[in-house]
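# Residue-level structural notes
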Amino acid sequence: MARVYNFSAGPSMLPESVLNKAAAEMLDYEGTGESVMEMSHRSKEYDAIIKGAEALLRELMEIPDNYKVLFLQGGASTQFAAIPMNFMNGSGKADYIVSGQWSNKACKEAAKYGDIKVVATSKEQNFSCVPDVDPAELRPDADYVYICLNETVHGNIMRKLPETGNVPLIADISSCFLSEPLDVSKFGMVYGGAQKNVAPAGLTICIIREDLLGKARDYTPSMLDYALMAENDSLYNTPPCYNIYICKLVLEWIKNLGGLEAMAKRNYKKAEILYNFLDNSKMFKGTVVAKDRSIMNVPFVTDSDELNAEFVKACTENGFINIKGHRSVGGMRASIYNAMPIEGVEKLVEFMKEFEEAHTN
Ligand SMILES: *Cc1c(COP(=O)(O)O)cnc(C)c1O
């Protein structure tokens with residue numbers, strides 16, 4: 001069996017030990033004689049799975065007790081609408097910081113529901129950096145301030161959070177979920193689609209401060225009403241059962257590796273290997289300013305489209321797949337999420353060196 005190194009931005013690699021465990025338990029989960037895929041979401045076996053996943057997530061992320069954890073469907077994109085419906089319930093205003101494609105999409109969606117202000121954007125810089133936020137631009141009566149912590153397409157991460165005072169800060173953490181410790185107490189809500197770092201596509205995890213719940217607009221569909229989902233412990237309807245089970249296995253894997261501190265150490269090491277190479281290469285260069293570089297998504301280019309295409313092709317032929325940049329930005333992007341082993345990054349860099357040597361005279 002030949003496994004490739006998959007640098008996809010999502011869905012992305014899962015830890016091999018998780019896949020093996022899932023395979024071993026496929027036909028008979030812990031003596032039940034059934035697969036988790038076939039199990040009633042109201043059974044006591046399943047109850048232990050979903051409660052176990054939540055407990056592990058709370059432990060690893062040190063989620064304060066006054067936050068609800070919801071296991072939902074619809075992907076991160078569905079939350080782009082659910083967030084204004086649930087939280088734009090006071091002044092009807094919300095402030096958005098646009099630092100890349102995903103915050104831009106969230107902002108456009110929210111504009112359907114209320115008075116949206118873009119308080120800062122790095123669009124002019126092609127999102128090669130995170131924008132500076134002038135505190136005077138933030139509206140004190142906004143219902144929330146919105147950011148995307150790690151922009152998956154453009155490869156930047158917001159290291160300094162905006163000072164929002166009493167206005168809740170909401171963050172999309174899809175592509176940096178569980179990659180390093182995060183102080184959840186600084187946010188009104190953090191959320192993300194699971195397919196980058198947590199589980200297969202189809203599961204969305206929302207972590208919401210309790211006092212913000214229960215004020216959704218009247219027209220909010222039940223399935224998008226966070227308070228209703230919280231009251232029902234994410235079992236208002238059938239949740240994405242199997243994905244939650246895989247999520248639990250991934251959380252166990254992280255715990256066994258030493259938790260989020262250990263994860264962060266591993267991730268920073270991987271990113272350093274790749275950025276060091278990019279900073280010293282004459283052929284390849286990173287596209288994001290050093291201080292705002294993501295440790296999860298690393299976009300880079302050569303100075304020619306032909307060479308980019310040739311490199312992407314050579315990668316695919318050599319077992320480094322999905323290295324092509326997002327269709328909106330071109331070039332290359334290596335997504336090096338939690339499950340990418342250090343060895344995968346070392347081998348990629350080795351391959352890039354050889355490619356560069358072979359193409360320089
Ligand atoms: C992938 C991604 C999304 C979109 O997620 P879906 O689950 O496909 O809706 C949103 N935000 C960020 C930061 C992402 O990386």
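Here, every reference points to the structure presented above.
Let us look at the structure shown here. If you're wondering where the values come from, they're calculated on a predicted model, not measured in any experiment.

This paragraph deals with the overall build of the chain. Within the chain, the regular secondary structure consists of nine helices and 14 strands. The globule rule puts the C-alpha radius of gyration for 361 residues at 21 Å, and the 21 Å found for the chain is close to it. Principal axes of the C-alpha set define a box for the chain whose edges measure 65 × 60 × 30 Å. Across the 361 residues of the chain, 56% fall into the buried class. Sequence separation of 24 or more characterises 69% of the internal contacts of the chain that already satisfy a separation of 6 or more. Per element, the accessible surface of the chain, about 16000 Å² overall, is 50% carbon and sulfur. Placing the 37 positive and 48 negative side-chain charges of the chain at their respective mean positions leaves the two points 2 Å apart.

Turning our attention to the nonpolar core. One recurring pattern in soluble globular proteins is that nonpolar side chains are buried together. L57, M61, I205, I207, L274 and F284 are the most contacted members of the largest nonpolar core, which totals 92 residues. At 11 residues, helix α6 (residues 241-257) tops the list of elements feeding residues into this core. Mapped onto the domain boundaries, this core takes at least three residues apiece from domain 1 (5-13 + 259-360) and domain 2 (16-256). Those residues in contact with F284, other than ones at most four positions away along the chain, are F277, L278, F300, V301, T302, F311, M332, M352, F355 and E356.

Cut-offs used in this document
- Once a new chain begins, its residue numbering starts again from 1 and follows that chain's sequence as written.
- Per-residue local features are limited, in this predicted model, to residues with pLDDT of at least 70; the limit for side-chain atom pairs, both in listing and counting, is 80 or more; totals at the level of whole chains, interfaces and linings are taken over all residues.
- Side-chain metrics in this entry use all non-hydrogen atoms of the structure; hydrogen atoms and water are not considered.
- A helix here means a DSSP run of H or I that spans at least four residues, while a strand means a run of E at least two residues long, and both kinds are numbered starting from the N terminus.
- For the radius of gyration, the atom set is restricted to C-alpha positions; the globular benchmark scales as 2.2 Å times the number of residues to the power 0.38.
- For each residue, the accessible area found with a 1.4 Å probe, counting protein chains only, is set against the maximum for its type, and the residue is called buried under 20%, exposed over 50%, and partly exposed in between.
- Contacts are assigned to residue pairs with any non-hydrogen atoms lying within 4.5 Å of each other.
- Computed with the Shrake-Rupley method and a 1.4 Å probe, the accessible areas treat only the protein chains shown as cover for residues.
- Charge convention: Lys and Arg are scored as positive, Asp and Glu as negative, and His as well as the terminal groups of each chain are ignored.
- All charge positions are set by atom: Lys at NZ, Arg at CZ, Asp at CG, Glu at CD.
- Put simply, a nonpolar core is a bunch of buried Ala, Val, Leu, Ile, Met, Phe, Trp, Tyr and Cys residues held in one set by side-chain atoms that sit within 4.5 Å of each other.
- In this entry, domain limits derive from an automatic or database-based domain assignment.

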